[in-house]
Every structure is written in C-alpha cells, then in structure tokens.
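# Architecture at a glance
For reference, the chains in residue letters:
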Amino acid sequence: MVDFTRPITHTRYKYEKKLKKYYHRVEKRIIQKANGFNKLSKEEEEKYMYITDDYIMFHTKGTILPFWGGGLSLFMIVSGLFSDDTFDGFHLYVYIFFCVLLVFFTIYYFTKPKKERILNRKDGLITMTGFYWQNNITMPFKECLFAYSTGGEDGTSAFKLQIIRPTQSRLNSFDDFALGGDCYEDMSFICWYMDKNRPLPLGTAFDAYRDRDYERRKAAGFPRPLYPSSIATPEATKEQQAERKRIGGW
C-alpha cells in the first residue's frame, strides 16, 4: 500500500484569532449527506485520485494556472502582432506586460515544486499546495481553517471550498479544495472522511474497506465522533449499527 504520510510543516496560524472571525469561514461540520466517490478504474485512479480508508490523494501537477495564464498571454501577444495600434502609446505597455507574463508562467511551469493535495485520515493530517514556489504544507486537520470562494461579479465559481494556508502573512492565501459540490457539501464529506470515529462515507470506493474500518473502531470501543453532524452516519449493516450502539452508546 502506498504511504502518503507527509511531515508536518505547520501546526497553527500566526493570525488565527483574526482568521477565525473571517466572514467567509466554513466550519468543520457535517450538514449534508454527501454522495462520496464511486470505485475508480485503474486508469481513473492513476489520473484523478487514490482512495483508501487511510488516504485520499488528489492528483494535481499544478499545471492549470501556468497553462491558463501562459495561454492567455500568448493569445494576447499573437493578437497584438496583427493590430495596427499595438506599439503605440499605452498599448505598447500592455503588450510588454503580456510578454513579461508569458515569460513568468513559462519559468513557473518548469521550476515549480511538486504540488500535492492529500487527506490523511490515518494520522489526521491534510496536505495542501503551497503558494506558487512555496513547498506543500501539511498540518493537523483539526487546526485547519476553511473558507468559501466569492467568485466573480456574476457569481461564477462562488461558494467553492477553499483551505486557508497557514502563511506568516496578514494577507490570506487559499488553496482550492472543491470536490464537485458547494462548499457545505464538500466540507461535510471531508469532515465525514477525516473523522476516524465515524464509518466511512457513502460511495462504492470505500466498500472494500468498511469491514476493516468497522473492526478498528470496535476494538477502540467505538469512540464518539470528533466533529458535529446534523445527519445520521450509520454503519454498513443493521447488525453493526446495533453493536455500535450497545458498545459505544451512539
């Protein structure tokens, strides 16, 4: 089995008191019944993510930003070559700006560190990407602060889940942790998965691990959940549910 445990780089936020008052915060709670993930084929697992009862690793090479920024810059540069006023006055400065931007994203693409996003349920850790050339960040999930994106003026890309990076700066830096739903659905799934005291989330991707996970929690006496939930998180079978209630009391 692949080990996705990464060394802890941060344990807290320097401006935690201020960040806890951030009005875009998303609390670690289970408020929606997220569908989870279905079992992936080998090809899908190699391309998208690796899923077990211990880890979820999201494949990311960090290429979206340099491709998007570099592609837009290249388009503007090529378009400018066919415009009559590109090299006149203010338009020249705009053209130079996109040339510099293309060089920047080209250098970034070839020199950026490896980008990783990992949910480590086994050790209660989360790994997020660093800001541009910053190395990946790993910290305890219980200490992480989440927020939602505001999106554009028309609401595009709003209410997507983000994690606040624990950078030593008064300016907030965010990493995208959207899983396909809105911020509350995705936060519900992540909390459900990262809560080792709960059964694994819904979805056939976890079916192969449910019995092993159940036996682990049973041996520990079915400790109570770590994060609050407004929905039930039952066991895979009625018999297991009855035994959890008898031993753990919940």
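Whatever comes next refers back to the structure up there.
Note that the structure is a prediction, hence the values are computed from the model and not measured.

## Overview of empty space enclosed by the protein
Enumeration according to the criterion identifies one cavity of 30 Å³ or more in this entry. Taken as a whole, the largest cavity encloses approximately 40 Å³ of empty space. In terms of lining residues, the largest cavity is bounded by Tyr13, Lys14, Tyr15, Leu19, Arg165, Thr167, Ser169, Leu171 and Asn172. Of the residues contributing to the lining of the largest cavity, the split by class is four nonpolar, three polar and two charged.

## Looking at the sheet that holds strand β3 (residues 55-58)
Across the sheet, five strands lie side by side as β2-β3-β4-β5-β6; this open sheet has antiparallel pairing. Since the sheet does not close on itself, it has two edges, and those belong to β2 (49-51) and β6 (137-140), each with one partner. Put simply, the sheet's adjacent strands are angled 10° from each other on average, direction ignored. Across three bridges, the pairing between β2 and β3 is antiparallel. Residue pairing across strands places Tyr50 opposite Met57, the latter belonging to β3. Running at roughly 45° to strand β4 (residues 117-120), helix α5 (residues 183-194) makes contact with β3, β4 and β5 (125-128) of the sheet.

## Side note on the packing of helix α6 (residues 210-219) against helix α7 (residues 238-248)
The N-to-C vectors of α6 and α7 enclose an angle of 15°; their axes lie 11 Å apart at closest approach. As judged from the angle between their axes, α6 and α7 are roughly parallel. As α6 runs across α7, the sense of the crossing is left-handed. Touching Asp211, Tyr214, Arg217 and Lys218 of α6 are Gln240, Glu243, Arg244 and Ile247, all from α7. Residue composition of the contact of α6 with α7, grouped by class: two nonpolar, one polar and five charged.

## Regarding the pairing of β3
Residues of β3 alternate between two faces, with Tyr55 and Met57 on one and Ile56 and Phe58 on the opposite face, all of them buried. Where β2 folds back on β3, the antiparallel hairpin that results is connected by three residues.

## Here's the deal with the pairing of β4
Here β4 shows two buried faces, one formed by Arg117 and Leu119 and the other by Ile118 and Asn120. Alignment of β3 against β4, held across four bridges, turns out to be antiparallel. The residue of β4 that forms the bridge with Tyr55 is Asn120. What sits between the antiparallel neighbours β4 and β5 is a turn of four residues, in which Gly124 has the positive phi angle 70°.

## A short note on the side chain of Arg25
Locating Arg25 in the fold gives a position in strand β1 (residues 25-26). Residues in contact with Arg25, not counting those within four places in the same chain, are Leu19, Lys20, Leu145, Phe146, Ala147, Tyr148 and Ile164.

Conventions we followed
- Residues numbered from 1 in each chain as written.
- Predicted model: local features only at pLDDT ≥ 70, side-chain atom pairs only at ≥ 80, totals over all residues.
- Heavy atoms only, no water.
- 1 Å grid on protein atoms, 1.4 Å probe; cavity = no way out; pocket = protein on both sides within 12 Å on 5 of 7 lines; lining within 4 Å.
- Points joined across faces, edges and corners; volume = space filled by probe spheres on them.
- Nonpolar A, V, L, I, M, F, W, Y, C, P; charged D, E, K, R; others polar.
- Pairing = 2+ DSSP bridges.
- Helix = DSSP H or I, 4+ residues; strand = E, 2+ residues; numbered from the N terminus.
- Axes fitted to C-alpha atoms, helices over the stretch in contact; angles between N-to-C directions.
- Contact = heavy atoms within 4.5 Å.
- Parallel < 35°, antiparallel > 145°, perpendicular 65-115°, else oblique.
- Left-handed = near helix turned anticlockwise from the far one by under 90°.
- Buried < 20%, exposed > 50% of the residue type's maximum accessible area, 1.4 Å probe, protein only.

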